[in-house]
Amino acid sequence: MCIYITKKYARVATSLIIIFSIVFIYIIKGSVCANEAANASNIEILAPAAVLMEPKTGRVLFEKNSHEVRCCASITKVMTMILVMEALDSGKISLQDTVSASEHAASMGGSDIWLKPGETMTVDELIKAVMVASANDAAVALAEHVCGSEDLFVSEMNRKAKELFMAETVFKNCNGLDEEGHVTSAYDVALMSRELIKHKKIFDYTSIWMDYLRDGKTQLVNTNKLLKSYKGITGLKTGTTSQAGSCITATATRENLTLNAVVLGGANGKERFKDAAALMDFGFANYNMLKPVVDESIFAPVRVTDGMQPSVAVEADIANEVLVPKGKEHSIDSSMEIADETSAPVQKGQSLGRLIYKLGDEIVAEYDIVAAESVEKINFGAVFKILLMDFLKI
């Protein structure tokens, strides 16, 4: 009888343990999911507009009124520097070019290096003045050197904005001084920041804390105070005017993850730096960049009809990394969509299918599967040539 009771209670105890374990797992799982969902919503951003973007993929990780049209002050100079960097890359200008300041350039107010009409500086010195000290006069001098006049340069700025799909942006000048109709959005700033940092040379300037011009007579101190306080900071540009408030587009890199935080309309400089740091802290705490591993053996040759050879080898260039939430690195599934056969002619690099990576139902990366070689369409001349070559070998 005692043995029966003991076994009976043991079964009850086991059942209770199982039930409580299941309930506990669901509670923990629900708590984790809730925490993941709440992470972004828990970021306290005081500025009226902000966005956090991962530049390689262009994925937005956080946004607050990101498409609201606003003034952006000297953040404008991000676009100015895009055009300057493109002119350098194309050979149109060089860092050693000597630029003479015009009356117009010297007349700029706000942040400047007090250029005098006719004073000369190199392109290298002017870029340093723009990116370290946010010099308005230096920005205009560069614009005139690239395009001949600020008006022509601003036209190019607006052309480039359209090319980058900056739908909320209109530029009226190259330095960001308040002007009616000179507007952008936090999202558009992230788009142009993403473009600028493709030019790695810009980091030679944005990483400078202090430097000098005019043989040490003019001191430059970086307006981006995050250079002294934020781990991994690489740039990028601050801006402040009465209409725009305190703004920043900040970039930072830790290991293989780069983030761009844009803050527009902050109440003061301290607040904009705090907001930018909070955004990037969130990104670094919750995301990783992952390069997918591909088993090349999955790429079987594709049959080719009417071709000079029966099949064509295929390949995929997995060059880009994938942005994934931390802890989900092993949850990515891959699948392949590829035709069983194709018709000749086949050109090398021709797309024959897709390699798809998913996290749940979300596609996180796609890569073209392409022909690794060309295959000619079968023709009498080519066949005769092959038969002749075989005959001559006999």
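Residues numbered from 1 in each chain as written. Predicted model: local features only at pLDDT ≥ 70, side-chain atom pairs only at ≥ 80, totals over all residues. Heavy atoms only, no water.

**Things to note about the confidence of the model for the protein chain**
This is how the line gets drawn: Each residue carries a pLDDT value, the predictor's own confidence for that position, ranging from 0 to 100. In what follows, residue pairs with any heavy atoms lying within 4.5 Å of each other are defined as contacts.
For the protein chain, per-residue confidence averages 88 on the pLDDT scale, and residues scoring 70 or more make up 86% of the total. Ignoring residues within four places in sequence, the model shows residues 1-38, a span with pLDDT below 50, making one contact including any to other chains.

**A closer look at the pattern of salt bridges**
Short version of the rule: One speaks of a salt bridge when a side-chain nitrogen belonging to Lys or Arg is within 4 Å of a carboxyl oxygen belonging to Asp or Glu. Strands are runs of DSSP state E lasting at least two residues, helices are runs of H or I lasting at least four, and both sets are numbered from the N terminus onward. Exposed residues in this analysis have more than 50% of their type's maximum accessible area, buried residues have under 20%, and partly exposed residues fall in between, with area computed by a 1.4 Å probe over protein chains only.
Scanning the model with the defined rule gives 14 salt bridges in all. Where E86 meets K160, a salt bridge forms, and the shortest distance between an N and an O atom there is 2.6 Å. Of this pair, E86 sits in helix α2 (residues 77-90) while K160 is found in helix α6 (residues 150-163), placing the two residues 74 residues apart along the sequence. Close ionic contact of E195 with K160 constitutes a salt bridge, the shortest N to O distance being 3.8 Å. In this pair, E195 is assigned in helix α7 (residues 186-196) and K160 in helix α6, connecting sequence segments 35 residues apart. Side by side, E195 and K160 carry an identical accessibility label, which is buried.

**What about the packing of aromatic side chains?**
So the rule is basically this: In this analysis, rings of Phe, Tyr and Trp, with Trp reduced to its six-membered ring, are considered paired at centre separations within 6.5 Å, and the interplanar angle assigns stacked below 30 degrees, edge-to-face beyond 60, and tilted for intermediate values.
Going through the model one piece at a time under the given rule, you end up with two aromatic pairs. Geometrically, the ring pair formed by F282 and Y287 is edge-to-face, given 6.2 Å between the ring centres and 75 degrees between the ring planes. Pairing Y357 with Y367 gives two aromatic rings, centres 5.9 Å apart and planes at 80 degrees, and the pair type is edge-to-face. Residue Y357 is located in strand β17 (residues 351-359), and its partner Y367 is located in strand β18 (residues 362-371); the two are separated by ten residues in the primary sequence. Note on accessibility: Y357 and Y367 belong to one class, buried.

**Topic: the side chain of E195**
This is how it is decided: Polar contact is defined as a pair of N or O atoms within 3.5 Å, subject to the rule that within protein one atom must be able to donate a hydrogen and the other to accept it, and that residues adjacent in sequence are counted only when both atoms are side-chain atoms.
A relative accessible area of 13% means that E195 is categorised as buried. Of note is the side chain of E195, whose polar atom sits 3.1 Å from the side chain of K198. If sequence neighbours within four positions are ignored, E195 has contacts with I82, E86, K160 and L164.

**Observations regarding the sheet that holds strand β12 (residues 311-312)**
For clarity, the threshold we go by: Pairs of strands are assigned from DSSP output, requiring at least two bridges between the strands.
With mixed pairing, the three strands of this open sheet are ordered in space as β12-β11-β16. What marks the edges here is a single partner per strand, and that holds for β12 and β16 (341-343). One ladder, built from two bridges, connects strand β11 (residues 302-305) with β12; its direction is antiparallel. By the bridge assignment, R303 is partnered in β12 with S311.

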